[in-house]
Amino acid sequence: MKLDFALAHRPFPETRLQPAFVRVRGETHRLTDVALCTPRYLAPVPCCSVTKEALREGYSTDNARAVAQHGRLRELLQASGVRCHSLPPAAGQADMCFTRDAAVATPWGLVALHPALDHRASEVDKIAGWATSALGERPRRIRQGRIEGGDVCIARPGLLIIGVSGARTDEAGAAEFAAPFEADGWDVLRYRFDEHFLHLDTIFCMLDEKHALACTDVLDDAFMAELAARGIALIPVTYKEARRLGCNVLSIDGHSIIAAAGTPRVARMMREHGFTVHELELDELTACGGGVHCLTMPLQREG
Ligand SMILES: NC(=[NH2+])NCCC[C@H](N)C(=O)O
């Protein structure tokens, strides 16, 4: 763990006394620490299109099976050299296993976000309290508008992409989150899309600094041109694959990728591009609208 973070660059004086344990400067740098929350209380809340469809098809959560699937994700992360930190699950917090959404690690420490839905917003105090006691890191809090972590992509040092559907993340939330990045000279790209797609990370996900999975039949051409202008090549995922969370993967280090099983064509394309892909059966979780990216809150990446 590096503790020599340049404090002079911190735009938040109130966090100056905190150790810089939580820090991510690029979404695909070597992951060393991640926060997970076991899906003991996972339940299908009909708040996103994928979960609504699962419910229409008769899905109900088998929590023992969900916990076992999640346990294999944890084992794979640990086997990949990633330290896993556990957020205690709580009854009534049906989506809390999707740790990505309530807080995000930035170059300047952890930021507790401002989710749109009540049951997701109630996760934030828990995570902020946990970060303070378990990690010794008091997060900055977003108070304006709405913003959820699935819409935040710290693509690489100097480039932040924020998904703005107006529902889970809106302009005010995006602006407050982006302010320190902009102050530090980062290029901030806002991508506005329809709330049907829930979060940016269901249709766009970085693999390394120059490659991303992208639901190219959904993303608009202007956004794809912006990505191309920044040297990011897109591996095309279809709409149906994206609904199975085929776009929603975790890059361990820019080479090794963890993906939910169920979109073999996407896994094959990633392998053809030279990535090592680990596929995990996670159907209890994907039925509730989240894949590997949503299930992981990176706390620290090298670099
Ligand atoms: N980062 C993500 N895509 N998270 C998925 C969250 C799914 C969860 N059911 C919700 O609607 O909030």
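Fair warning: this is a prediction, and the values are worked out from it, not measured in the lab. (Residues numbered from 1 in each chain as written. Predicted model: local features only at pLDDT ≥ 70, side-chain atom pairs only at ≥ 80, totals over all residues. Heavy atoms only, no water.)

Novice: Looking at this structure, I do not really get the overall build of the protein chain. What am I missing?
Specialist: A count of helices and strands for the protein chain gives eight helices and 15 strands. What you see for the protein chain is a C-alpha radius of gyration of 17 Å, in line with the 19 Å of a compact globule of 303 residues. If one aligns the C-alpha atoms of the protein chain with their principal axes, the spans along those axes are about 50 × 45 × 35 Å. Within the span of the protein chain, comprising 303 residues, buried residues form 59% of the whole. Sequence separation of at least 24 residues holds for 72% of the intrachain contacts in the protein chain that already meet a minimum separation of 6. One finds the centroid of the 34 positive side-chain charges in the protein chain at a distance of 3 Å from the centroid of its 39 negative side-chain charges. (Helix = DSSP H or I, 4+ residues; strand = E, 2+ residues; numbered from the N terminus. Rg over C-alpha atoms; globule rule 2.2 N^0.38 Å. Buried < 20%, exposed > 50% of the residue type's maximum accessible area, 1.4 Å probe, protein only. Contact = heavy atoms within 4.5 Å. Lys, Arg positive; Asp, Glu negative; His and termini not counted. Charge placed at Lys NZ, Arg CZ, Asp CG, Glu CD.)

Novice: Looking at this model, I keep getting lost on the sheet that holds strand 9 (residues 204-208). Mind explaining?
Specialist: Through backbone hydrogen bonds, the strands of a sheet pair up, either in parallel or in antiparallel fashion. Taken in spatial order, the three strands line up as 9-10-11 in an open sheet, and their pairing is mixed. The strands lining the two open edges of the sheet, one partner per strand, are strand 9 and strand 11 (233-236). Direction aside, the axes of adjacent strands within the sheet are offset by 30° on average. Here four bridges tie strand 9 to strand 10 (residues 211-214), and the two strands are oriented antiparallel to one another. (Pairing = 2+ DSSP bridges. Axes fitted to C-alpha atoms, helices over the stretch in contact; angles between N-to-C directions.)

Novice: I would appreciate a short explanation of the sheet that holds strand 8 (residues 187-192) in the present structure.
Specialist: Sheet architecture is open: three strands sit in the order 6-7-8, paired in mixed fashion. With one partner strand each, in any of the chains shown, strand 6 (152-156) and strand 8 form the two edges of the open sheet. On average, adjacent strands in this sheet sit at an angle of 20° to one another, irrespective of strand direction. Here strand 7 (residues 159-164) pairs with strand 8 via six bridges, running parallel. The residue bridging L160 from the neighbouring strand is V188, located in strand 8. Packed on one face of the sheet, helix 5 (residues 221-229) meets strand 7 and strand 8 and runs near 160° to strand 8.

Novice: Would you mind going over the site of the ligand with me for this structure?
Specialist: Around the ligand lies a shell of 16 residues, among which D101, R168, D201, C288 and C294 are the nearest. Contacts to the ligand include D101, whose side-chain N or O atom sits 2.8 Å from a nitrogen atom. Residue D201 places a side-chain N or O atom 2.8 Å away from a nitrogen atom belonging to the ligand. Burial of the ligand by the protein amounts to 100% of the accessible area it has alone, namely 350 Å². For the shell around the ligand, the residue count by class is six nonpolar, four polar and six charged. (Near = heavy atom within 4 Å. Polar contact = N/O pair within 3.5 Å; in protein donor to acceptor, adjacent residues only side chain to side chain. Areas by Shrake-Rupley, 256 points an atom, 1.4 Å probe, with all protein chains shown as cover. Nonpolar A, V, L, I, M, F, W, Y, C, P; charged D, E, K, R; others polar.)

Novice: Just checking my understanding: could you explain the nonpolar core for this structure?
Specialist: Considering soluble globular proteins, one finds that nonpolar side chains tend to be buried as a cluster. Of all hydrophobic cores here, the largest spans 36 residues; its most connected members are I161, F204, L213 and M270. Look past the residues within four positions of M270 in its chain and what remains in contact with it is L207, L213, V249, I257, A259, F275 and V277. By size, the runner-up hydrophobic cluster in this structure holds 26 residues, among which are L31, L285, V292 and L295. (Core = buried A, V, L, I, M, F, W, Y, C linked by side-chain atoms within 4.5 Å.)

Novice: Teacher, can you tell me more about the confidence of the model for the protein chain here?
Specialist: Regions with low pLDDT carry predicted coordinates that are not meant to be interpreted in detail. For the protein chain, mean pLDDT is 93; residues scoring 70 or higher make up 93% of the total. Counting interchain partners and residues more than four positions distant, the pLDDT-below-50 stretch residues 1-19 has 32 contacts. Across the assembled chains, the prediction reports ipTM 0.98 with pTM 0.93. (pLDDT = per-residue confidence, 0-100.)

Novice: Just checking my understanding: could you explain the pairing of strand 13 (residues 256-260) for this structure?
Specialist: A regular strand carries its side chains on alternate faces of the sheet. Across the five residues of strand 13, five count as buried, placing the element largely inside the fold. Alternating positions in strand 13 separate into two faces, S256, I258 and A260 on one and I257 and A259 on the other, with burial throughout. Summarising the sheet, strand 12 (residues 250-251) and strand 13 pair through two bridges and their orientation is antiparallel. Of the residues in strand 13, the one forming a bridge with S251 is I257. Connecting strand 12 to the next strand, strand 13, in antiparallel fashion are four residues, including G254 with a positive phi near 85°. Here five bridges tie strand 13 to strand 14 (residues 276-280), and the two strands are oriented parallel to one another.

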